[in-house]
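Structure assessment
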Amino acid sequence: MSGVDVAEADGGGASWGKTNRDDVQGGRTKKKTYRVSVAEEAALKVKAQRYGISVARLVVESALSKEGESHTDRQALILEMAQIRTLLSRVSSNINQIARHANTTGEFPADAAASVAAMRKLMVRLDEAVRAVVGP
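Residues numbered from 1 in each chain as written. Predicted model: local features only at pLDDT ≥ 70, side-chain atom pairs only at ≥ 80, totals over all residues. Heavy atoms only, no water.

This part is about helix α1 (residues 38–51). Over its 14 residues, α1 runs 20 Å from end to end, which matches the ideal 20 Å to within 8%, given 1.5 Å per residue. Residues of α1 that are buried: Glu41, Ala48 and Tyr51. The buried residues of α1 occupy an angular sector of 95° when the element is viewed end-on, so they sit on one face. Turned more than 90 degrees from where α1 packs its buried face, Val38, Ala39, Gln49 and Arg50 sit exposed. (Helix = DSSP H or I, 4+ residues; strand = E, 2+ residues; numbered from the N terminus. Expected span 1.5 Å × (residues − 1). Buried < 20%, exposed > 50% of the residue type's maximum accessible area, 1.4 Å probe, protein only. Arc of directions from axis to C-beta.)

Listed below in structure tokens is the structure:
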């Protein structure tokens with residue numbers, strides 16, 4: 001077994017707001033150590049690194065969050081939805097250009113099907129992101 005010190009700070013800085021958790025009145029005076037397996041420790045480190053936070057922050061947020069969703073999970077979903085929105089905007093602009101060209105010239109461009117397929121993939125991705133936020 002491997003010990004993980006909840007007070008350790010082995011992650012990088014978060015991209016959304018403060019690197020450390022918000023301060024609490026009276027400070028944080030309790031330090032806890034928990035035992036985990038090597039595989040569990042590796043999984044915790046990978047997940048914390050993916051979110052750009054420490055293992056300690058990941059453990060505390062996960063334990064204190066409602067229904068297993070942490071603040072970091074929500075931030076990742078917000079980022080995903082923002083990326084989808086940007087891509088949808090670009091693809092819809094392409095589709096509008098294709099429609100304008102087709103209406104003006106009477107020709108339907110060969111790449112139109114690819115743009116429509118890209119839009120459909122983005123809509124599926126958006127549906128999955130929304131389901132992750134609101135649940136099944």
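Turning our eyes to something else, we now look at the nonpolar core. Residues Ile84, Leu88, Val91, Met119, Leu122 and Ala129 constitute the largest nonpolar core, which totals 6 residues. Contributions of two or more residues to this core are made by α3 (71–105) and α4 (112–134). The next biggest cluster of nonpolar side chains, apart from the first, holds 5 residues, and it includes Tyr51, Ile53, Val55 and Leu58. (Core = buried A, V, L, I, M, F, W, Y, C linked by side-chain atoms within 4.5 Å.)

Right, let's talk about the pattern of salt bridges for a bit. Counted by the stated rule, this structure contains 2 salt bridges. For Glu80, the salt bridge identified is with Arg125, shortest N-O distance 2.7 Å. With Glu80 in helix α3 and Arg125 in helix α4, the pair connects residues that are 45 residues apart, well separated along the chain. Of the residues examined, Arg125 reaches a relative accessible area of 27% and is grouped as partly exposed. (Salt bridge = Lys/Arg side-chain N within 4 Å of Asp/Glu carboxyl O.)

Purely geometric stuff here, so don't read any function into it on its own.
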